[in-house]
There are 2 protein chains.
Amino acid sequence: VNDELDNLKKLLARLPGLGEKSGARLAYHLWRAPGQYSEELARAILAVREKIGACPVCGNPTSEDKCVICKNPERDQKTIMVVESPQDLAAIESTRSYTGLYHVLHGTLSPLAGKGPGDINLESLARRAAGAAEVILATNPSAEGDATASYIEERLAAEAPDVKLSRLARGMTVGSEIKYLDPLSIQHALKGRQGK
Amino acid sequence: VNDELDNLKKLLARLPGLGEKSGARLAYHLWRAPGQYSEELARAILAVREKIGACPVCGNPTSEDKCVICKNPERDQKTIMVVESPQDLAAIESTRSYTGLYHVLHGTLSPLAGKGPGDINLESLARRAAGAAEVILATNPSAEGDATASYIEERLAAEAPDVKLSRLARGMTVGSEIKYLDPLSIQHALKGRQGK
């Protein structure tokens, strides 16, 4: 009977991490939200779709012809870090300890979900890698992230054989306690131990 | 640098139950979502704001002059159930065990959050109650819900003294285990025990 509200609930329920209950909760919230918040949100969604594209070089969001990182001549043009998402890129940038370029995959390979190499931003990586000195594979330490990194390693070994490949180190996160660490992380920490 | 994306992140982070991280996650999702999903969502938000109002009788959402429940002559016009939200109303309706009318408060009294009687849909309740046989207080079994029910009880005792007041029963939820039940619920179950 309230078609508009039902439609909004269903659309919100499809957002990642939400479901039927939280979709309904947000729909009622947006219906009742004071002031112009809901209208602003709707316009902000449309603006992002209209104004923001993917950087044709690295895939990072940008409203210009290239993203700020690719545009910055002071960044190390010979190093490319492959990340899964713009959020990962932002997390790395926030450390201020990396000065190279990026390549944003927008996902991982996921055979179970039917996502193959053509479904992520891989097309241009081999060509970019051929002109680089190092490609750092910074996919997440998950099954999909690892599988994606391995696939990229194989492809680059064939298509850009001169580039140095590396992966982010695994081990103990700062502040973690060994007694609570999962066995795999302990194995990684041991295998990757550093001499003094 | 990506003003539109940052703006969308911030707006999404203000939704109830979300925060900075989930706001960013949803913003990137909406930016990249395939097809017309994001545009549909934006339009659905605007449509809800334009087309759906609060029923002037009970506060339930409606796109017409009265909500479907208030419009239905077959519902028991002498019983009013006071609920906090349209979601609570929907949960009660889904049981098909209540045939009366509703009064949707759209919130609770919350002195700490600065929400007083003027901030929820209470204005018309006393007048409606004066014409009813029973008012069922179905606020949530929380501190705010209880305080709101108590406040309404006091007001109706003064402004609609002839109406019968009741509250939903408390006790054990179906499928719960006594050994895991909180002490207050056990107290309620004991106090409200029913003779055979």
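Structural data are supplied above this passage.
Residues numbered from 1 in each chain as written. Chains lettered and ligands numbered in written order. Predicted model: local features only at pLDDT ≥ 70, side-chain atom pairs only at ≥ 80, totals over all residues. Heavy atoms only, no water.

## What to know about helix α7 (residues 143-159) of chain B
Residues and elements named next belong to chain B.
- Compared with the 24 Å implied by 1.5 Å per residue over 17 residues, the 24 Å span of α7 between its first and last C-alpha is a close match.
- Among all positions in α7, only Gly 145, Thr 148, Ala 149, Ile 152 and Leu 156 are buried. Considered in projection along α7, the buried side chains sweep an arc of 100° and stay on one side of the axis. For α7, the exposed residues lying more than 90 degrees away from the buried face are Ala 143, Glu 154, Ala 157 and Ala 158. (Helix = DSSP H or I, 4+ residues; strand = E, 2+ residues; numbered from the N terminus. Expected span 1.5 Å × (residues − 1). Buried < 20%, exposed > 50% of the residue type's maximum accessible area, 1.4 Å probe, protein only. Arc of directions from axis to C-beta.)

## Concerning the sheet that holds strand β3 (residues 76-83) of chain B
Residues and elements named next belong to chain B.
- The four strands lie next to each other as β4-β3-β5-β6, forming an open sheet whose pairing is parallel. A single partner strand is all that each edge strand has here, and the edge strands are β4 (100-104) and β6 (164-167). Going from strand to strand, the sheet's axes swing by 25° on average, the running direction of each strand aside.
- Relative to β4, β3 runs parallel, the two being bridged by five bridges. (Pairing = 2+ DSSP bridges. Axes fitted to C-alpha atoms, helices over the stretch in contact; angles between N-to-C directions.)

## Things to note about the environment of Arg 193 of chain A
Residue and element names in this part refer to chain A.
- Within the element layout of this structure, Arg 193 appears in the segment after α8 (183-191).
- Relative accessible area serves as the criterion here: at 63%, Arg 193 is assigned to the exposed category.
- The spacing of Arg 193 and Arg 170 is 23 residues in sequence and 10.0 Å in space, taken between C-alpha atoms.

## Notes on unusual backbone geometry
Residues and elements named next belong to chain A.
- Non-glycine residue Arg 96 carries a positive phi angle of around 50°.
- Positionally, Arg 96 belongs in the loop between α5 (86-94) and β4 (100-104).
- Its identity as a non-glycine residue notwithstanding, His 106 has a phi of 55°, on the positive side.
- Counting through the fold element by element, His 106 comes out in the loop between β4 and α6 (125-130).

## Points about the nonpolar core
- Formed by 40 residues in total, the largest nonpolar core has its most connected members in Leu 8 and Leu 41 of chain A together with Leu 8 and Leu 41 of chain B.
- With near-sequence residues (within four places) excluded, Leu 41 of chain B lies in contact with Leu 8, Leu 11, Leu 12, Leu 15 and Ile 45 of chain A together with Leu 30 of chain B. (Core = buried A, V, L, I, M, F, W, Y, C linked by side-chain atoms within 4.5 Å. Contact = heavy atoms within 4.5 Å.)

## Digging into the sheet that holds strand β6 (residues 164-167) of chain A
Residues and elements named next belong to chain A.
- Taken in spatial order, the four strands of this open sheet run β4-β3-β5-β6, and their pairing is parallel. Sheet topology places β4 and β6 at the edges, where each strand pairs with a single neighbour. Going from strand to strand, the sheet's axes swing by 25° on average, the running direction of each strand aside.
- Of the strand pairs in this sheet, strand β3 (residues 76-83) and strand β5 (residues 134-137) are connected by four bridges, and their pairing is parallel. Within β5, the residue paired with Val 82 across the bridge is Leu 137.

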